[in-house]
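Working through the structure, step by step
Chain residues, written in single-letter form:
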Amino acid sequence: IQGNSSGCVSSNNSALVETPLECVSYSVFNQADRHWTSTGLGTFCDQDVITEPGWYRFMGSAGIFMPNSCLGDAKCNTEMPGWVNGSHPSVAEGNVTRTVCFGLPLSCCSATTEIEIRNCSGFYVYKLVEVPSCPMRYCGAHGEYVLKE
């Protein structure tokens with residue numbers, strides 16, 4: 001087996017695709033209060049949770065992906081819930097950069113930050129960065145929330 005310049009590993013003229021590191025090495029968000037249906041004017045903030053960029057996966061009670069439309073305010077037990085402004089990638093697209101919006105009652109996108117997203121063939125991982133200020137928090141959702149194309 002030998003590596004080539006495309007990042008694939010080949011053996012006997014057939015290509016084997018390597019699993020991206022972020023698809024096997026990530027932190028997990030699984031708290032129910034991070035789910036978009038968790039209401040209340042909590043002041044939870046990710047500023048102390050995410051202090052440097054890192055890969056995260058939403059699982060369990062937190063959901064399985066980040067929503068990609070405006071959530072309104074007072075979701076995920078924070079005043080400014082975070083949602084992806086754009087579509088989630090296909091496996092073939094690899095890592096994509098997207099904007100996360102943090103909303104207030106009068107504006108769905110009062111503050112923003114850039115993140116990366118990868119589709120790991122069955123789940124998404126997000127390279128999240130420190131939120132711009134408090135109280136902002138990245139939110140999750142399950143299948144009851146349909147991803148926009």
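Before reading further, recall that the structure is shown in the block above.
My aim in this report is to walk through the structure given alongside it, one point at a time. Predicted, not measured: the structure shown is a model, and the values here were computed from it. (Residues numbered from 1 in each chain as written. Predicted model: local features only at pLDDT ≥ 70, side-chain atom pairs only at ≥ 80, totals over all residues. Heavy atoms only, no water.)

Concerning the state of the cysteines
Evaluated as defined, the whole model comprises 5 disulfides. The side chain of cysteine 23 participates in a disulfide bridge whose partner is cysteine 120; the two sulfur atoms lie 1.9 Å from each other. Between cysteine 23 and cysteine 120 the sulfur-sulfur dihedral comes to about -80°; the bridge is accordingly left-handed. Of this pair, cysteine 23 sits in the loop between β3 (14–16) and β4 (27–29) while cysteine 120 sits in the loop between β8 (107–119) and β9 (124–128), and the two are 97 residues apart along the sequence. As far as burial versus exposure is concerned, cysteine 23 and cysteine 120 are alike and both buried. Between cysteine 101 and cysteine 109 runs a disulfide, and the two sulfur atoms are separated by 2.0 Å. Around the S-S axis, the bridge from cysteine 101 to cysteine 109 shows a dihedral of about -65° and counts as left-handed. (Disulfide = S-S within 2.5 Å. Helix = DSSP H or I, 4+ residues; strand = E, 2+ residues; numbered from the N terminus. Buried < 20%, exposed > 50% of the residue type's maximum accessible area, 1.4 Å probe, protein only.)

A look at the side chain of aspartate 46
In this structure, aspartate 46 sits in the loop between β4 and β5 (54–58). Aspartate 46 sits in the buried class, given a relative accessible area of 0%. Every residue in contact with aspartate 46, bar those within four places of it in the chain, is listed here: Arg34, Val131, Met136, Arg137 and Tyr138. (Contact = heavy atoms within 4.5 Å.)

Things to note about the sheet that holds β8
Taken in spatial order, the 7 strands of this open sheet run β4-β5-β9-β8-β7-β6-β10, and their pairing is mixed. Single-partner strands in this sheet number two, and they are β4 and β10 (136–138). For this sheet, the mean angle separating the axes of adjacent strands, direction not counted, is 40°. Taken together, the 4 bridges between β8 and β9 define a ladder with antiparallel strand orientation. Along β9, the bridge assignment pairs asparagine 119 with tyrosine 124. (Pairing = 2+ DSSP bridges. Axes fitted to C-alpha atoms, helices over the stretch in contact; angles between N-to-C directions.)

Brief notes about the nonpolar core
Counting 24 residues, the largest nonpolar core has Met66, Ile115, Tyr126, Leu128 and Tyr138 as the members making the most contacts within it. Mapped onto this core, the elements with two or more residues apiece are β5, β6 (80–85), β7 (96–104), β8, β9 and β10. The residues contacting isoleucine 115, other than those within four sequence positions of it, are Met66, Val84, Val96, Thr97, Arg98, Val100, Tyr126, Lys127, Leu128 and Tyr138. (Core = buried A, V, L, I, M, F, W, Y, C linked by side-chain atoms within 4.5 Å.)

As for the packing of aromatic side chains
Within the structure shown, the criterion is met by 5 aromatic pairs. Plain terms: the ring middles of phenylalanine 29 and tyrosine 56 are 4.7 Å apart, the flat faces sit at 15° to each other, and that makes the pair stacked. Of this pair, phenylalanine 29 sits in strand β4 while tyrosine 56 sits in strand β5, placing them 27 residues apart in sequence. The same class applies to phenylalanine 29 and to tyrosine 56, which are both buried. Where phenylalanine 58 meets tyrosine 126, the ring centres are 5.6 Å apart and the plane angle is 85°; that geometry is what we call edge-to-face. (Phe/Tyr/Trp six-rings, centres within 6.5 Å; stacked < 30°, edge-to-face > 60°.)

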